[in-house]
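Chain and residue survey
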Amino acid sequence: MTAAVNRIDRLFEDRSRKRFIPFITVGDPTLEATYQLAHALVEAGADLLELGIPYSDPLADGPTIQRASERALENGVSISDALQLVGRLRESGMEASLVLFSYFNPILQYGVERFFADLAKYGADGVVIPDLPIEENGPAVDAAKKYGIHVISLVAPTSDSRIQMIGEQATGFLYCVSSLGVTGARASLREDLADFLDRVKASTKVPTAVGFGISTPEQVRAVAPHTDGVIVGSAIVLEVERHVEQLKDPEQSAEAVEKIKTFVHQLASALQ
């Protein structure tokens, strides 16, 4: 087993402490801003970073992350840029687990074997591919195993009879989708969410983390007893959007990063 896999596995060795997992889009609004934000999120309490590769047709993403992808794509940000950003973060001494989030088409265009080889080369630990069903992920999983990378499976309330199968095949951690539909901050969570999360935990030996729609410290605290990690994406990406112009300005970017860091720290602190 490689060090890349060990980073995620070591992260969840102690199940008594909940892990905080923020999501940001690579290149939103610039690659330099993403680099600075990544360090700030770790300083704010992130245990694992989920870095989204911008894509023109993000089926699982709501308007907030769609706009983030559009801003990044306008700058020409590519899958290669995302991989090189991971390499730069590792070269800077970042030890936090790093997981890329990508739809399958960009990976297919890049080359499945080449993609997983480069994930290992640059120091990533895993990848989330939301539009690749478990029944069709064989080639990707085989390549991932070859290079010591986790393919993080997703399980949703609608997975129903497939929950057990997904849970048994999961590696790294199991990404639990808290709500139906696309990503996006929500005012409230499903009433049956706790039952769903408990059912997923019973189906698998790997840790679980819940995301999609979680956006406030209160919601983080509410789901924490039923999972090993909490993922927050759209709420953080929305904060990035509110500070886009400052983040693009070298004279104002540090202040903007600090404001976003404070927001994320409030979310992460809800797990303590």
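Predicted model, so just to flag it, every value in this text is computed and none were measured.

**A look at the overall build of the protein chain**
When helices and strands are tallied, the protein chain shows 13 helices and 9 strands. Relative to the 2.2 N^0.38 estimate, which gives 19 Å for 272 residues, the radius of gyration of the protein chain is 17 Å and therefore close to what a compact globule would have. Taken along its principal axes, the extent of the C-alpha atoms in the protein chain is 50 × 40 × 35 Å. Out of the 272 residues in the protein chain, the part that is buried amounts to 57%. When contacts within the protein chain are restricted to residue pairs at least 6 apart in sequence, those whose partners lie at least 24 apart make up 74%. Total accessible area on the protein chain is roughly 11400 Å²; 49% of this is exposed by carbon and sulfur atoms.

**A closer look at the side chain of Lys18**
Take Lys18: it is sitting in the loop between α1 (3-11) and β1 (19-25). One buried charged residue, Lys18, forms no salt bridge at all, with the nearest opposite charge on Asp228 at 4.9 Å. Of the polar contacts made by the side chain of Lys18, one reaches the backbone oxygen of Ala224; its length is 3.1 Å. At 2.8 Å, the side chain of Lys18 forms a polar contact with the backbone oxygen of Thr227. Not counting residues up to four positions away in its chain, the partners in contact with Lys18 are Asp47, Ala224, Pro225, Thr227, Asp228 and Leu271.

**Re the packing of aromatic side chains**
What the rule picks out here adds up to 7 aromatic pairs. Measuring from ring centre to ring centre gives 5.8 Å for Phe101 and Tyr103, while their planes differ by 80°; the resulting arrangement is edge-to-face. Residue classification places Phe101 among the buried residues on the basis of a relative accessible area of 4%. Ring pairing ties together the aromatic residues Phe23, Tyr55, Phe101 and Tyr103, which thus form one cluster. Positioned over the ring face of Tyr35 is Arg88, at 3.6 Å from the centre of the ring. Its guanidinium or amino end placed over the ring of Tyr110, Arg114 lies 3.7 Å from that ring's centre, counting from NZ or CZ.

**Some points on the nonpolar core**
Core analysis: the biggest nonpolar cluster contains 73 residues, and Leu51, Phe115, Phe116, Leu119 and Val232 have the highest contact counts within it. Here the element with the most residues in this core is helix α2 (residues 31-44); it accounts for 7 residues. Beyond its immediate chain neighbours, meaning those up to four positions away, Val232 contacts Phe20, Ile21, Pro22, Phe23, Ile214, Val220 and Leu267. Counting 22 residues, the second largest nonpolar core, distinct from the first, contains Tyr55, Ala68, Val99 and Ile231.

**With respect to the packing of helix α11 (residues 234-242) against helix α13 (residues 253-269)**
For the pair α11 and α13, interaxial distance at closest approach is 10 Å and the crossing angle is 165°. Relative to α13, the element α11 is oriented roughly antiparallel. The way α11 lies across α13 gives a crossing that is right-handed. Residues Ala235, Ile236, Glu239 and Val240 of α11 pack against Ile260, Phe263, Val264 and Leu267 of α13. Split by residue class, the contact of α11 with α13 holds 7 nonpolar, no polar and 1 charged.

**Some words on the confidence of the model for the protein chain**
In the predicted model, the protein chain carries a mean pLDDT of 92, and 93% of its residues have values of at least 70. With pLDDT under 50 throughout, residues 1-5 is counted as low confidence; its partners more than four residues away or in other chains account for 11 contacts.

The rules behind each value
Residues numbered from 1 in each chain as written. Predicted model: local features only at pLDDT ≥ 70, side-chain atom pairs only at ≥ 80, totals over all residues. Heavy atoms only, no water. Helix = DSSP H or I, 4+ residues; strand = E, 2+ residues; numbered from the N terminus. Rg over C-alpha atoms; globule rule 2.2 N^0.38 Å. Buried < 20%, exposed > 50% of the residue type's maximum accessible area, 1.4 Å probe, protein only. Contact = heavy atoms within 4.5 Å. Areas by Shrake-Rupley, 256 points an atom, 1.4 Å probe, with all protein chains shown as cover. Lys, Arg positive; Asp, Glu negative; His and termini not counted. Salt bridge = Lys/Arg side-chain N within 4 Å of Asp/Glu carboxyl O. Polar contact = N/O pair within 3.5 Å; in protein donor to acceptor, adjacent residues only side chain to side chain. Phe/Tyr/Trp six-rings, centres within 6.5 Å; stacked < 30°, edge-to-face > 60°. Lys NZ or Arg CZ within 6 Å of the ring centre and 35° of its normal. Core = buried A, V, L, I, M, F, W, Y, C linked by side-chain atoms within 4.5 Å. Axes fitted to C-alpha atoms, helices over the stretch in contact; angles between N-to-C directions. Parallel < 35°, antiparallel > 145°, perpendicular 65-115°, else oblique. Left-handed = near helix turned anticlockwise from the far one by under 90°. Nonpolar A, V, L, I, M, F, W, Y, C, P; charged D, E, K, R; others polar. pLDDT = per-residue confidence, 0-100.

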